[in-house]
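Close look at the chain arrangement
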Amino acid sequence: MTAWSATHIPDQSGRTAVVTGANSGIGYVTARELARRGAAVTLACRSAARGRAAVVRLRGEVPGAEVEFAALDLADLASVREFARAFGEGHARLDLLVNNAGVMALPYGRTADGFETQFGVNHLGHFALTGLLLPRLRAAGPGARIVNVSSGFHVLGDVRPEDLDPDPARSADGYRRWTAYGRSKSANLLFTHELGRRFTAAGSTITAAAAHPGYASTNLHAGASVQEGRTLGSRVMALGNSLIAQPAASGALPTLYAATAPGVGQDAFFGPRLGWRGAPAPSWRAKRTLDDEAGERLWAASEKLTGVSYASLPR
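Okay, so let's go over this structure. (Residues numbered from 1 in each chain as written. Predicted model: local features only at pLDDT ≥ 70, side-chain atom pairs only at ≥ 80, totals over all residues. Heavy atoms only, no water.)

Considering the overall build of the protein chain
- If you tally the helices and strands in the protein chain, you get ten helices and eight strands.
- Classification of the 315 residues of the protein chain by burial places 56% in the buried group.
- The contacts in the protein chain between residues at least 6 apart in sequence include a share of 78% that link residues at least 24 apart.
- A total of about 13100 Å² of accessible surface is found on the protein chain, and carbon and sulfur atoms cover 54% of it. (Helix = DSSP H or I, 4+ residues; strand = E, 2+ residues; numbered from the N terminus. Buried < 20%, exposed > 50% of the residue type's maximum accessible area, 1.4 Å probe, protein only. Contact = heavy atoms within 4.5 Å. Areas by Shrake-Rupley, 256 points an atom, 1.4 Å probe, with all protein chains shown as cover.)

Considering a nonpolar patch on the surface
- A cluster of nonpolar side chains, F153, V155, L156, W178 and W284, forms an exposed patch at the surface whose accessible area comes to about 510 Å².
- Following the sequence through the fold, W284 ends up in the loop between β8 (280-282) and α10 (292-306).
- A relative accessible area of 60% means that W284 is categorised as exposed. (Patch = residues over 30% accessible without salt bridge, like charges linked within 9 Å, V, L, I, M, F, W, Y side chains within 5 Å. Salt bridge = Lys/Arg side-chain N within 4 Å of Asp/Glu carboxyl O.)

A look at the nonpolar core
- By size, the foremost hydrophobic cluster in this structure holds 43 residues, and its most contacted members are F83, L97, L133, L137, L195, F199 and Y310.
- Of all the secondary structure elements, the ones that give two or more residues to this core are α3 (77-90), α4 (117-139), α5 (177-202) and α10.
- The biggest single contributor to this core is α4, with nine residues.
- If you look at the next biggest cluster of nonpolar residues, it comprises 41 residues, including L43, L256, A258 and F270. (Core = buried A, V, L, I, M, F, W, Y, C linked by side-chain atoms within 4.5 Å.)

What to know about the environment of H8
- In this fold, H8 is placed in the segment before β1 (16-20).
- H8 gets classed as partly exposed once you look at its relative accessible area, which sits at 44%.
- A sequence separation of 249 residues divides H8 from Y257, and the C-alpha atoms of the two residues are 8.9 Å apart.

Let's talk about the packing of α5 against α10
- Where α5 meets α10, the axes come as close as 9 Å, and the angle between the chain directions of the two elements is 100 degrees. Between α5 and α10, the interaxial angle falls into the category roughly perpendicular. Along its contact with α5, which presents A187, L190, F191, H193, E194, L195, R197 and R198, the element α10 presents D292, A294, G295, E296, L298 and W299.
- Classifying every residue of the contact of α5 with α10 by side-chain character gives seven nonpolar, two polar and five charged. (Axes fitted to C-alpha atoms, helices over the stretch in contact; angles between N-to-C directions. Parallel < 35°, antiparallel > 145°, perpendicular 65-115°, else oblique. Nonpolar A, V, L, I, M, F, W, Y, C, P; charged D, E, K, R; others polar.)

Some remarks on empty space enclosed by the protein
- Across all of its chains, the model carries one cavity of 30 Å³ or more by this definition.
- Approximately 60 Å³ is the volume found for the largest cavity.
- Lining the largest cavity, in full, are N99, A101, N122, H123, H126, F127, N148, V149, K185, N188 and F191.
- Of all the secondary structure elements, the ones that give two or more residues to the lining of the largest cavity are α4, β5 (145-149) and α5.
- Of the residues forming the lining of the largest cavity, the biggest block, four residues, is contributed by α4. (1 Å grid on protein atoms, 1.4 Å probe; cavity = no way out; pocket = protein on both sides within 12 Å on 5 of 7 lines; lining within 4 Å. Points joined across faces, edges and corners; volume = space filled by probe spheres on them.)

Remember, this is a structural readout, not a statement about activity or role.
In structure tokens, the structure reads:
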């Protein structure tokens, strides 16, 4: 595995994939390499302009690639439902769902449905999307996979299903953006754990796995600085990316491994071999993201908040 690269991706001809947040960074590289190996890929992006531009760019890099753009705003459950409806009408099956899109360490805010932004986008949006696309994943038969992209920063925040809304008005500590980010990334892993556990119990052939990119040079790091107009912060992030981070093409490898490598098991978690950079390898994770009881409680809370029920996957 230490020498694994995009050239090792098996043939993906005949497979259909959805990659969220695929207009740039890890998501774009993931979509491009899947398409290069023959998959039909939907780039699910919030910005129509950036999504369509990414499709043009990808077709230029991979002539003949079977790719399309579809609008998806994970901060709005109505958009999630519309994406799933349209995808279901246009596609009989879905072999691979890569839940990649996310936001990091943003100032306090709320989604269209009133959820704290980072938890709403990074976890609840993808929880709803996965549930709504589950019939198409089942239709794909053996080999279908779901890959949730988490982060090494999941260690910064624990998931407390009884208190998923870190409202600064109710907290003596105020809103801690990095704690909130860690909470959302822990939720990604706990969701993967519970999803895999339920697939196993149901005798399903769908595999749920997770990955993290380490420290990769993407637009994600500068999001908060740009939103707050902090030019210096953006420059510091850019400098850090240029000096320390690995390229997005390298950061995407754990995701691509989880998505395509033979023998990936339920609830497997991959990251760079050195933790922050390097070839894909099994990754360390906090023990709390392997807690069955916490997984059940997060699942129940997520179904209640999103209104999306996984009726075919009882606990």
